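Chain and residue survey
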Amino acid sequence: AIEREELIAKIKAQLIEKNAVLVAHYYVHPDLQDLAEATGGLVSDSLEMARFGRDHSAQTLVVAGVRFMGESAKILSPEKRVLVPEMDANCSLDLGCPAEEFSKFCDEHPDRTVVVYANTSAAVKARADWMVTSSIALKIVAHLKAQGKKILWAPDRHLGNYIQRETGADMVMWQGACIVHDEFKTIELEALKKQHPLAKVLVHPESPAAVVALADAVGSTSAILKAARDFDAPEFIVATDNGMMHKLRQQNPHKTFIEAPTAGNSATCKSCAHCPWMAMNGLRNVLEVLEKVGTGHNEIHIDEAIRARAKLPIDRMLDFAQ
Ligand code: 13P
Ligand code: SF4
């Protein structure tokens, strides 16, 4: 415990010394979430992380999340130094959508507006017309549909299908999935609901359709937090990465939050719904990137032509979100 306190104190000092700010996702370790907030940084969803990093005056951003979040920060703020605690912290959606194959898929559908999820590489974004995060995807696709546009959607098939069901838009889809949300189990969730009849079910739309169908609220990480605050219920079953439990419990100390069942956590494992790449972020590697500022260690670089092109779909989303 002493070591943990020491690490936290050192990171705080380094953030000041290096004129850096820590931006964290809701899925990273609670220590990092608390530290981001305690030091004038931010813990939030991927949309707000991108916006905050762009607007903050610090010249160095430490992005505790996964690679695409660091890349989005760099795309928006090329003049800033963007550091990530772990270069290998990726995302199954990003890994499952390689830029070359994706580009061919786009070539096969030249009549469609290309909408990609934030969870993609800079090169994939550079091929897109729009980028969306889960908190705004539905609104943007509804807007495009109203303009008579047909959509090419990538890479998450569950989120794509959910948007398709909700908006009725004409969508062809890349068949990617999040390895965390894809694991939530319907039958086990139904059984858990029976054991907790007063519980409201909160589901991230990267989950399979049958799980989404059992939800009282479906939405991004920030939408899940809002639903938990707004529902006057004593208990909640939550189908998203269990990193979310920290903020949910912090904001709602008198409500109970239960993890939705996955194949792993039903009997043997209490914490299987956790992204292995988000879990790579910790106090030690955050301190290390700060101590090594200026050496190039874990710094995000993006080819300038790709960066400039990838910025267009992100800016479109941010302008729309205003
Ligand atoms: P949000 O956009 O809701 O923060 O989600 C990002 C993510 O990686 C979900 O698994
Ligand atoms: Fe990607 Fe899923 Fe991890 Fe989010 S939780 S970063 S979508 S693998």
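Residues numbered from 1 in each chain as written. Chains lettered and ligands numbered in written order. Predicted model: local features only at pLDDT ≥ 70, side-chain atom pairs only at ≥ 80, totals over all residues.

1. Things to note about the domain arrangement of the protein
How we decide: Where each domain starts and ends follows an automatic or database-derived domain assignment. Whether two residues are in contact depends on their C-beta atoms, placed from the backbone: they are in contact if these lie within 7 Å.
Segmentation of the protein into domains returns domain 1 (2–90 + 278–301), domain 2 (93–173) and domain 3 (181–259). For domain 1 and domain 3, the distance between their C-alpha centres works out to 28 Å. With 9 residues of domain 1 at the interface, the matching set in domain 3 holds 8 residues.

2. Considering helix α12 (residues 221–230)
The α-helix advances 3.6 residues per turn, and as a result positions three or four apart in sequence lie on the same side. Rule in force here: Buried, partly exposed and exposed are defined by the number of other C-beta atoms within 10 Å of a residue's own C-beta, namely 20 or more, between the two limits, and 12 or fewer respectively, with C-beta atoms placed from the backbone. In this text, helices come from DSSP runs of H or I with a minimum length of four residues, and strands from runs of E with a minimum of two, each type numbered from the N-terminal end. It is the directions from the helix axis to the C-beta atoms that the arc portrays.
Taken together, the buried positions of α12 are occupied by Thr 221, Ile 224, Leu 225, Ala 227 and Ala 228. For α12, the buried positions fall inside an angular range of 165 degrees around the axis, keeping them on one side. Exposed side chains of α12 directed beyond 90 degrees from the buried face belong to Arg 229 and Asp 230. The secondary structure elements touched by the buried residues of α12 are β9 (200–203), β10 (217–218), β11 (235–239) and α13 (244–251).

3. Topic: the sheet that holds β10
Under the convention used in this document: When DSSP finds two or more bridges between two strands, those strands count as paired.
Here 4 strands make up an open sheet; going across it, the order is β10-β9-β11-β12 and the pairing parallel. Both edges of this open sheet fall to β10 and β12 (256–259), since each of them pairs with a single strand only. Bridge count for β9 against β10 is 2 bridges, and the pairing is parallel. Following the sheet pairing, Leu 202 is matched in β10 by Ala 217.

4. Looking at the sheet that holds strand β7 (residues 151–154)
Heads up, the condition is: For helices, the fitted line uses only the C-alpha atoms of the stretch in contact; every axis is such a line through C-alpha atoms, and the angle between N-to-C directions lies from 0 to 180 degrees.
The strand order across the open sheet built from 4 strands is β6-β5-β7-β8, with neighbouring strands paired in parallel fashion. Edge positions in the open sheet fall to β6 (130–132) and β8 (171–173), since each of these has one partner strand only. Adjacent strand axes in the sheet meet at a mean angle of 25 degrees when their direction is disregarded. As paired elements, β7 and β8 share 3 bridges and run parallel to each other. Across the sheet, the residue bridging to Leu 152 is Val 172, located in β8. In the packing of helix α9 (residues 157–167) onto the sheet, contacts are made with β5 (113–117), β7 and β8, and the angle to β8 comes to roughly 170 degrees.

5. Regarding the nonpolar core
The cut-off we apply is this: Nonpolar cores are built from buried Ala, Val, Leu, Ile, Met, Phe, Trp, Tyr and Cys residues. These are joined into a set through C-beta atoms within 7 Å.
The biggest cluster of nonpolar side chains holds 99 residues, and the ones touching the most others in it are Leu 22, Val 62, Val 115, Val 132 and Leu 202. With sequence-adjacent residues up to four places away left out, Val 132 is seen in contact with Val 115, Tyr 117, Ala 118, Ala 137, Ile 140 and Met 317.

6. Structural notes on helix α15 (residues 304–321)
Note the threshold: Here the expected span of a helix is defined as 1.5 Å times the quantity of residues minus one. Here the bend at a residue is taken as the angle between two axes, fitted respectively to the seven residues that end there and the seven that start there.
Its 18 residues give α15 an end-to-end C-alpha distance of 25 Å, which sits within 8% of 26 Å, the value for a rise of 1.5 Å per residue. Leu 312 marks the point of greatest bend in α15, at about 25 degrees, and the proline Pro 313 comes within the next four residues. Burial in α15 covers these residues: Ala 310, Lys 311, Pro 313, Ile 314 and Met 317.

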